[in-house]
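Summary of the model geometry
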There are 2 protein chains.
Amino acid sequence: MPQTPHIESHFTGGEFIRDMVIGMSDGLTVPFALAAGLSGAVSSSHVVVVAGLAEIAAGSIAMGLGGFLAARSDAEHYEQELLREKREVEQTPEAEVREVSDIFRSYGLTAEECQPVVDALRKKPKAWVDFMMRFELGLEEPDPGRALRSALTIAFAYIVGGLVPLSPYIFASQADSAFLLSVAVTLFALFIFGFVKARFTGAPTVRGALQTLIIGALAAGAAYLIARWIS
Amino acid sequence: MPQTPHIESHFTGGEFIRDMVIGMSDGLTVPFALAAGLSGAVSSSHVVVVAGLAEIAAGSIAMGLGGFLAARSDAEHYEQELLREKREVEQTPEAEVREVSDIFRSYGLTAEECQPVVDALRKKPKAWVDFMMRFELGLEEPDPGRALRSALTIAFAYIVGGLVPLSPYIFASQADSAFLLSVAVTLFALFIFGFVKARFTGAPTVRGALQTLIIGALAAGAAYLIARWIS
């Protein structure tokens, strides 16, 4: 049988793609649903454009800053746990030794089988701490530049996504004439986006495309009905 | 020194709390910013309420379904990788043995030191696969009920968060008289929410509260300025 290298071919989801997907999913959906909802309640497309652009500004900033803080708090969490493991390895090495054995024993290994690894780690406190971070806590060292990149990517994707459903309202004066074009353009964009997203994540493409389209349609439909109902 | 057990005291962020935070962060921020933005552009609070409720419907559905699909695609990703590791352990055991050694060698262990663990894992293919899932790929088995719970938690938190900034507009007929009350109530809610969130994640509480408040204020301020500028 072929012995091709395969380590790199496990898909781990590039962070850039992940951030683009986060921003664009909401960017295509929420302003679309808001515009559709308002079309059922007001006649001037100007109000829809004002509300839509306000929403895009608010959503892109909220999501971008949210992504920034999430990435930064991941990094802080990692630092805190790292200090704690360092302290434990120094101050309570016996307890940490037991934790290493416990990890291996949970995979069916005996105390004797894991003893050489335990002994070797004891001699290398730095490697031991790294080992505990990954194997006990499942944490990986975060990339320091990630928070800012993540924020900008999410915000950019949200703005691009949000301008798609809004563009017909910018060029038409009546909200109801822009409505159908906005629905058509956005459902098409959701389908393409879902398809590309599924391609990147390795999921079935047509199912991914339809899922994304259905979420957008459900959100917009609910917003439309609620706005009609209360207006 | 005291030998207190400490394993459980590592904070890992409960999924429920995480989902509540995701939903409420955006729920408090985006409808707030939208309402503030529209107050700068329209005089009737009715339009603000219609747009706000449409946004809450759209946002809660989009985020809830987004959370559902994210949890489900995590579960699918895990299944795919599990099948792949099973296949590799069966078909190319030598390559997998090298991967196990490589993992340990990256922590400064020699080939001899990790040999007993490698040999023991070879005898237990099931434990070996679990070991690779966690230690090579850093993946943990997802909880099957999580997708639905996650979706409902996020949507609920978004709705609760979104109704806070909107409530003053529901009771006032003029948008500008509701505006100041909405700003006051929401900034207060953002501060409390940020404080509680920081409490749960173990971050400094006052800094967390101020960060959350500032994100909300920035998003709302930008939405307000954009809406005024184009209206």
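Residues numbered from 1 in each chain as written. Chains lettered and ligands numbered in written order. Predicted model: local features only at pLDDT ≥ 70, side-chain atom pairs only at ≥ 80, totals over all residues. Heavy atoms only, no water.

1. Digging into the relation of the copies chain B and chain A
As a reminder of what qualifies: Only residues with pLDDT of at least 70 in both copies count here: their C-alpha atoms drive the least-squares fit that superposes the copies.
Under the fitted operation, chain B is carried onto chain A by 0.1 Å of movement along the axis and a turn of 180 degrees, and the coordinates agree to an RMSD of 0.1 Å. Given the turn and translation reported, the copies of this chain are related as if by a two-fold rotation axis.

2. Some words on the nonpolar core
As a reminder of what qualifies: Joining through side-chain atoms within 4.5 Å is the link that ties buried Ala, Val, Leu, Ile, Met, Phe, Trp, Tyr and Cys residues into a set, and such a set is a nonpolar core. The buried label applies to any residue whose accessible area, calculated with a 1.4 Å probe on protein chains only, is under 20% of its type's maximum; exposed applies above 50%, and partly exposed to all values in between. Note on contacts: a residue pair qualifies if any of its non-hydrogen atoms lie within 4.5 Å across the two residues.
Core analysis: the biggest nonpolar cluster contains 58 residues, and Leu38 and Tyr169 of chain A together with Leu38 and Tyr169 of chain B have the highest contact counts within it. The contacts of leucine 38 of chain A, once residues within four sequence positions are left out, are Val47, Val48, Ala51 and Ala227 of chain A together with Val50 and Ala51 of chain B. With 45 residues, the next largest nonpolar core counts Val129 of chain A together with Leu82, Phe104 and Phe131 of chain B among its residues.

3. Some points on the interface of chain B and chain A
Under the convention used in this document: Simply put, the buried area is the total loss of 1.4 Å probe accessible area from both parts when two parts are fitted together. Counting of polar contacts relies on pairs of N or O atoms within 3.5 Å, with two restrictions inside protein: one atom must be capable of donating a hydrogen and the other of accepting it, and residues adjacent in sequence are counted only when both atoms are side-chain atoms. Counting from the N terminus, the helices are DSSP H or I runs at least four residues long and the strands are E runs at least two residues long. Residue polarity is assigned by list, with Asp, Glu, Lys and Arg as charged and Ala, Val, Leu, Ile, Met, Phe, Trp, Tyr, Cys and Pro as nonpolar; anything else, Gly included, falls into the polar class.
Listed as interface residues are 79 residues of chain B and, on the opposing side, 79 residues of chain A. Buried area between chain B and chain A, summed over both chains or domains, comes out near 6400 Å², and the portion from carbon and sulfur atoms is 67%. Scanning the region where chain B abuts chain A turns up 2 residue pairs in polar contact (both at pLDDT 80 or more). Mapped onto the side of chain B that touches chain A, the elements with two or more residues apiece are α1 (15-39), α2 (45-91), α3 (93-105), α4 (111-122), α5 (125-135) and α8 (205-230) of chain B. Tallied by class, the residues present in the side of chain B that touches chain A amount to 44 nonpolar, 18 polar and 17 charged.

4. Quick notes on a nonpolar patch on the surface
Filter applied, for reference: Patch building starts from residues that exceed 30% relative accessible area and form no salt bridge, then joins like charges within 9 Å and nonpolar side chains (Val, Leu, Ile, Met, Phe, Trp, Tyr) within 5 Å. Per-residue accessibility takes into account occlusion by the displayed protein chains alone, with areas from the Shrake-Rupley method and a 1.4 Å probe. For this document, the term salt bridge refers to a Lys or Arg side-chain nitrogen within 4 Å of an Asp or Glu carboxyl oxygen.
Judged by side-chain polarity, Phe188, Ile192, Val196 and Phe200 of chain A come together as a nonpolar surface patch covering roughly 380 Å² of accessible area. Considering the arrangement of structural elements, one finds phenylalanine 188 of chain A in helix α7 (residues 175-201).

5. Description of the environment of leucine 163 of chain B
All names here are of chain B. Here leucine 163 lies in helix α6 (residues 146-171). For leucine 163, a relative accessible area of 37% corresponds to the partly exposed category. With 132 residues separating them in the primary sequence, leucine 163 and proline 31 have C-alpha atoms 8.2 Å apart. For leucine 163, the residues in contact, after removing those within four places along its chain, are Leu53 and Ile56.

6. Details of the confidence of the model for chain A
All names here are of chain A. Put simply, the test is: Values of pLDDT, which run from 0 to 100, indicate the predictor's confidence residue by residue.
For chain A, per-residue confidence averages 82 on the pLDDT scale, and residues scoring 70 or more make up 94% of the total. Helix α6 (residues 146-171) holds the highest mean pLDDT among the elements of chain A, 92, whereas helix α4 (residues 111-122) holds the lowest, 79. In the model, residues 1-13 has pLDDT below 50 throughout and makes 21 contacts with residues more than four positions away in sequence or in other chains. Across the whole predicted complex the pTM is 0.76, and at the interface the ipTM reaches 0.71.

7. Thoughts on the packing of aromatic side chains
Residue and element names in this part refer to chain B. Our working definition: Any two rings among Phe, Tyr and Trp, with Trp reduced to its six-membered ring, count as a pair given centres within 6.5 Å; such a pair is stacked if its planes are under 30 degrees apart, edge-to-face if over 60, and tilted if neither.
By the definition in use, this model includes 2 aromatic pairs over all chains. When the ring of phenylalanine 179 is compared with that of tyrosine 224, the centres are 5.2 Å apart and the planes differ by 20 degrees; the resulting orientation is stacked. You can see phenylalanine 179 sitting in helix α7 (residues 175-201) and its partner tyrosine 224 sitting in helix α8, a full 45 residues away along the chain. Accessibility expressed as a relative area gives 18% for phenylalanine 179, which makes it buried. Look at tyrosine 224 and you get partly exposed, because its relative accessible area is 22%.

8. Quick word on helix α3 (residues 93-105) of chain A
This is how the line gets drawn: How far a helix is expected to stretch is found by multiplying one less than its residue total by 1.5 Å.
Relative to the 18 Å expected for 13 residues at 1.5 Å per residue, α3 of chain A spans 18 Å between its end C-alpha atoms, a close match to the ideal helical length. On its buried face, α3 of chain A is in contact with α2 (45-91), α4 and α5 (125-135) of chain A together with α3, α4 and α5 of chain B.

9. Regarding the environment of alanine 227 of chain B
Counting through the fold element by element, alanine 227 of chain B comes out in helix α8. A residue is classified by how much of its surface remains accessible, and alanine 227 of chain B, at 0% relative accessible area, is buried. With 193 residues separating them along the chain, alanine 227 of chain B and leucine 34 of chain B place their C-alpha atoms 9.0 Å apart. Setting aside anything within four residues of it in sequence, one finds alanine 227 of chain B in contact with Val50 and Ala54 of chain A together with Gly37, Leu38 and Ala41 of chain B.

10. Side note on the packing of α2 of chain A against α1 of chain B
Basically, it comes down to this: Simply put, an axis is a line fit to the C-alpha atoms, just over the touching stretch for a helix, and the angle between two N-to-C directions goes from 0 to 180 degrees. The handedness criterion is simple: a crossing whose near helix is rotated anticlockwise from the far helix by less than a right angle is left-handed, and one whose near helix is rotated clockwise is right-handed.
Between α2 of chain A and α1 of chain B, the shortest axis-to-axis distance is 9 Å and the interhelical angle comes to 145 degrees. Taken as a pair, α2 of chain A and α1 of chain B cross one another with a handedness that is right-handed. On the side of α2 of chain A, the interface is formed by Val50, Ala51, Ala54, Glu55, Ala58, Gly59, Ala62 and Met63 of chain A, while α1 of chain B contributes Asp26, Thr29, Val30, Ala33, Leu34, Gly37 and Leu38 of chain B. Along the lines of polarity and charge, the residues of the contact of α2 of chain A with α1 of chain B split into 10 nonpolar, 3 polar and 2 charged.

11. Section: the packing of α2 of chain B against α6 of chain B
Residues and elements named next belong to chain B. Short version of the rule: Note on terminology: angles under 35 degrees are roughly parallel, angles over 145 are roughly antiparallel, angles of 65 to 115 are roughly perpendicular, and the others are oblique.
At a minimum axis separation of 8 Å, α2 and α6 run at an interaxial angle of 165 degrees. The angle between α2 and α6 places the two elements in the roughly antiparallel class. Judged by the twist between their axes, the crossing of α2 over α6 is right-handed. In the contact of α2 with α6, the residues fall into 18 nonpolar, 8 polar and 4 charged.

12. Section: the side chain of serine 25 of chain B
Residues and elements named next belong to chain B. Considering the arrangement of structural elements, one finds serine 25 in helix α1. A polar side-chain atom of serine 25 sits 2.7 Å from the main-chain carbonyl oxygen of valine 21. Those residues in contact with serine 25 that sit more than four places away from it in its chain are Phe193 and Lys197.

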